[in-house]
Amino acid sequence: MKSYRKELWFNPPTRVAFIRITEQIRECLRESGVREGLVLVNAMHITASVFINDDERGLHHDYTQWLEKLAPHEPVSSYRHNDTGEDNADAHMKRQIMGREVVVAITNGDLDFGPWEQIFYGEFDGRRKKRVLVKIIGE
């Protein structure tokens, strides 16, 4: 069995961002040489997410609005976590909702997706460098 590991780094200029990373994951898959197996894509920060959905701008806008309603950034004083001097309690909650990681089957050397599925990095406390772990195992 083969095993492959790589870190992808992102530095979004905005506090909240959704970045399609499907092609970077496909490049990792090519580098790995795995034809049958699994790929794990994991946000390595507790205020970021990895998820699978449609690459549609309206949907991403809707996510941003929905998440802000569920866990508004302001007032920052409404969160006990922010008593520590932080201002990112909402980002922790948004990450919890959107998820930490995805696992995708690899079949015939490609990601085994359903129609319209793409992999995204979701950032909820951006404007600094963060990483995503890609782990591929298989034959």
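Calculation rules
- Residues numbered from 1 in each chain as written.
- Predicted model: local features only at pLDDT ≥ 70, side-chain atom pairs only at ≥ 80, totals over all residues.
- Heavy atoms only, no water.
- Salt bridge = Lys/Arg side-chain N within 4 Å of Asp/Glu carboxyl O.
- Buried < 20%, exposed > 50% of the residue type's maximum accessible area, 1.4 Å probe, protein only.
- Phe/Tyr/Trp six-rings, centres within 6.5 Å; stacked < 30°, edge-to-face > 60°.
- Helix = DSSP H or I, 4+ residues; strand = E, 2+ residues; numbered from the N terminus.
- Lys NZ or Arg CZ within 6 Å of the ring centre and 35° of its normal.

K.L.:
Please explain the pattern of salt bridges as it appears in this structure.
P.N.:
Side chains that carry opposite charge are capable of pairing whenever their charged atoms lie near each other. Enumeration over the complete set of coordinates arrives at 15 salt bridges. The closest approach of N and O atoms between R80 and D83, which form a salt bridge, is 3.0 Å. Linking K130 and E123 is a salt bridge whose minimum nitrogen-to-oxygen distance equals 2.7 Å. Neither residue differs from the other here; K130 and E123 are each classed as buried. Here the salt bridges share partners, and the residues they tie into one network are R15, E68, D90, K94, D125 and R128.

K.L.:
What is the right way to look at the packing of aromatic side chains in this model?
P.N.:
The description of an aromatic ring pair uses the distance of the two centres, along with the angle that the planes make with each other. Overall, the coordinates contain 7 aromatic pairs when judged by the stated rule. Judged by centre distance (6.2 Å) and plane angle (75°), the ring pair of F18 and F124 falls under edge-to-face. With F18 in strand β2 (residues 17-20) and F124 in the loop between β7 (118-123) and β8 (130-138), this residue pair connects regions lying 106 residues apart in the sequence. Under the relative-accessibility criterion, F124 is labelled buried at 0%. The aromatic ring of W9 is capped on one face by K129, whose charged end is 4.8 Å from the ring centroid.

On their own, these measurements won't tell you what the molecule is for.
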